[in-house]
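An overview of the molecular structure
Here are the chains, one letter per residue:
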Amino acid sequence: MTDMMRLPEAAARRPAGLVAGGAQALMRLTDPPMRALQRLIGAARMPYVFLLPNLVFFGLFVFLPIAINIVFSMTGGTALYPAERPYVGAEQYARLLDCGSYLDPGSCQEDLFWRGVGNTLTFTVFQMVAMVLFSLGTALVLNRPIRARGFFRAVYFFPVLLSPVVVALIWKWILQRDGLLNAALTMAGGQKILFFVDPGWAMFWSVFVSVWAHMGFYTLILLAGLQAIPRDVYEAAEMDGTRPWRVFHRITLPLLWPNLLVVLVLVLIRSVQVFDEVFVLTGGGPGTATVMIVQYIYTTAFANQVQNFGLAGAASVLLGAVLFVLTMVQLFLTRRRSS
Amino acid sequence: MAGLELRGVRKDFGSVAVLKGIDLSIADGEFIVFVGPSGCGKSTLLRVIAGLETATAGDIHIDGAEVTRTAASDRGLAMVFQSYALYPHMSVHQNMSFALENMGVPKAEIARRVERAARMLRLTDYLHRKPGALSGGQRQRVAIGRAIVRDPKIFLFDEPLSNLDAELRVATRKELAALHAEIGGTMIYVTHDQVEAMTLADRIVVLNAGRIEQIGTPLDLYNRPANLFVAGFIGSPRMNLLPADAARMPRDNFLGDAVTVGIRPEHVQPCAEADADLTVQVDLVEQLGGETFLYTTALGCPGDLKVTIRIDGQSALARGDRLPVRLRREHLHLFDSAGLACRPDPIPARSHA
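Residues numbered from 1 in each chain as written. Chains lettered and ligands numbered in written order. Predicted model: local features only at pLDDT ≥ 70, side-chain atom pairs only at ≥ 80, totals over all residues. Heavy atoms only, no water.

**Focus: helix α3 (residues 107-120) of chain B**
Residue and element names in this part refer to chain B. Quick reminder of the rule: Only DSSP runs of H or I with at least four residues qualify as helices, and only runs of E with at least two residues qualify as strands; both kinds are numbered from the N terminus onward. To estimate how far a helix should extend, the number of its residues minus one is multiplied by 1.5 Å. For the exposure calls, accessible area comes from a 1.4 Å probe over protein chains only, and a residue counts as buried if that area is under 20% of its type's maximum, exposed if over 50%, partly exposed in between. This arc is taken over the directions from the axis of the helix to the C-beta atoms. We call two residues in contact whenever any of their non-hydrogen atoms come within 4.5 Å of each other.
Across its 14 residues, α3 extends 20 Å between first and last C-alpha, which sits within 8% of the 20 Å expected from 1.5 Å per residue. Those residues of α3 that fall on the buried side of the exposure criterion are I110, R113, V114, A117, A118 and M120. All buried residues of α3 fall inside an arc of 160 degrees around its axis, so they share one side. Set apart from the buried face of α3 by more than 90 degrees, the exposed residues are A108 and R119. Of the surrounding elements, those touching the buried residues of α3 are α2 (92-102), α4 (136-148) and α5 (166-183).

This is how it looks when you write it as structure tokens:
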């Protein structure tokens, strides 16, 4: 009786021990079947047994959809079931790439695709510049011994935790015709600005909202890079009589460059993939001013009256190829850095 | 080159006082070593002199000019850091020339100074390499070279040898001594290694808990420690500190008011039983070839009284052996109840001869 009463008390005192004990019990339970399996297939094949659950998961939810997408891109018609779709070869790709001039989307058979490419490029360039400048600036400030540094670090990171759709809805509420910003402008004696009617403003706010939402993540990467620079290197620079701008230019920037490079490539990859924030914020408008490639793929496959899965699939494959190259670049840079 | 004067320098970090009023004069061309246990404030004192920390109170004068609030870059000092603090993305040449570029020194002059320093430090073949491709000793020399090219008023060294292995440390120590002899600059050197302090310094400043315990030449500190702290800190193995009544010595004619008796291991001598001040039992024998250290416990004394003995040459003694020993009177250090050395000093003027 006494022992029984002691047992829960001891367990409460040693929760970690209890977990470890449970894990050991589980290991003991799985030991006989695993030993039997190893005798059957040999030790050399056992790693594949452990990889199998992940492989099945990835196969079902990543590799199979990619394969189906490639099949869709080479077939035509409106049927959803691949076996019912007629094979058309590279016809969908030819249609996407059929352009009088690639600089003039109007001359292309799929002009909306090329407008999407142009818009995505514009978005990407502005996004990269703004993201790097703002996240670098913020990281530099947050790396200094300012008051309430922990609070500000959290504040800048919070938007990253929000869903992109929520972010877009918040800013839509601020920016719409009778939104918060226009109310403030009117109160200050100014005129209302129809942000989502002017193509320039629509692109500006698309970039701004995206930077606002994701800046915290890149700030964190750069902050980690800044904190990895030894303090005594800065002290040596101080002893060497280095002026602040020269410290930034000759010490901070070169030592932060590996982190900056990773940030640049990550921003590039995510910019090319942009969809949800811009789609919820502007709907691609005004007109086609903020239609991005992914929005083109989405509308072509699901939102148009005629659902053209084949064309959307071909556009996805092209986008996937671009992202694959960019990801390889990122992996190369990351590995070079860690080596 | 320049002299340095500190007057009542204090440094507080929040409510923690790290330096509690430092007064110190360093002459032009002197090699001064700050030594003390971890946390005694020696590195903080060096950083306050460098201008990397601002003194909470007191004045700092370099060559007669007050620099207490002057920025580190404007004090004209050069510092060699414990970690070397080389710019990892710059070559050896760029590391050495960076400060000169900041000062706007003409390119030809920069090249001349860098080449001269590289030759002096045997770095000529490595000028194009980055610090990552150098050994610890080479990095150390680059850090020194970076200081030399600036021709600073004072060189500051913050435990520069602590990251080197034992052999390289000895070699670099000799190089530093040679360097001081060659360029003759004022050098302030921080270390917790008393061998470095004893071998390099013109004068040693012993720090403890933010205060200066004693300033003097290495042999001054060894032969005439001002208090129990310095007596115990300087010397390896450390001085034996025994209660004055532990030894069989007549109190009236020698010990006076002394409460503690100090004696260096080399001044405790095995002797005949009749002449012995103490009888000790050997706990451990360390044979170093040229000398032997005996770690012993005094018998017949209250408490567990440990006595270290140094014997020239080799010894046949073993653990458990009993040994009568004599404490050489002329080398006894006497300390009063406050831990201060009793005067007149037991060491005759011979120590300065």
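After presenting the structure, the write-up continues.
**Some points on the UniProt feature "transmembrane region" (unreviewed entry) in chain A**
Keep this limit in mind: UniProt positions are given in the numbering used here, feature names are shortened, and annotations may be inferred rather than shown by experiment.
The UniProt feature table records "transmembrane region" (unreviewed entry) at residues 48-72, 121-142, 154-174, 204-227, 247-269, 278-298 and 310-333 of chain A. The straight-line gap between the two end C-alpha atoms of residues 121-142 of chain A is 31 Å; of that span, 100% is helix and 0% is strand.

**Regarding the layout of surface pockets**
Residues and elements named next belong to chain A. Put simply, the rule reads: Cavities and pockets are defined on a 1 Å grid built over the protein atoms alone: a cavity is a set of grid points where a 1.4 Å probe fits but cannot escape, while a pocket is an open set with protein on both sides within 12 Å along at least five of seven lines, and lining residues are those with an atom within 4 Å of any such point. Grid points are joined across faces, edges and corners, and a volume is the space filled by probe spheres set on the points. Gly falls in the polar group here, along with every residue not listed as nonpolar (Ala, Val, Leu, Ile, Met, Phe, Trp, Tyr, Cys, Pro) or charged (Asp, Glu, Lys, Arg).
Estimated volume of the largest pocket: approximately 960 Å³. Lining the largest pocket are 25 residues; nearest its centre among them are R144, P145, Y234, E238 and V247. Of all the secondary-structure elements, those providing two or more residues to the lining of the largest pocket are α9 (199-228), α10 (231-239) and α11 (244-272). For the lining of the largest pocket, the element with the highest residue contribution is α10, accounting for 5 residues. Here the lining of the largest pocket is built from residues that sort into 12 nonpolar, 6 polar and 7 charged. Volume-wise, the second largest pocket comes out at about 460 Å³. As for the second largest pocket, its lining consists of 16 residues, of which P65, N69, G313, S316 and V317 are closest to the centre. Elements represented by at least two residues in the lining of the second largest pocket include exactly α3 (46-73), α13 (293-303) and α14 (309-338). Among the elements that make up the lining of the second largest pocket, the one with the highest residue count is α14 (6 residues). Split by residue class, the lining of the second largest pocket holds 12 nonpolar, 4 polar and no charged.

**Examining the sheet that holds strand β3 (residues 31-35) of chain B**
Strands belonging to one sheet form pairs held by backbone hydrogen bonds; the direction of such a pair is parallel or antiparallel. Residue and element names in this part refer to chain B. Cut-off, in case you're wondering: Between any two strands, at least two bridges found by DSSP are needed for them to pair. All axes are obtained by fitting lines to C-alpha atoms, using only the stretch in contact for helices, and the reported angles, taken between N-to-C directions, cover 0 to 180 degrees.
Sheet architecture is open: 6 strands sit in the order β6-β7-β8-β3-β9-β10, paired in mixed fashion. Because the sheet does not close on itself, it has two edges, and the strands there are β6 (77-80) and β10 (211-216). The average undirected angle you get between the axes of adjacent strands in this sheet is 20 degrees. Sheet topology note: the strand β7 (residues 154-158)/strand β8 (residues 186-191) ladder contains 5 bridges and is parallel. Each bridged residue has a counterpart across the sheet, and for L156 the counterpart in β8 is I188. Helix-sheet contacts for α4 involve β6 and β7, and the interaxial angle to β6 is about 175 degrees.

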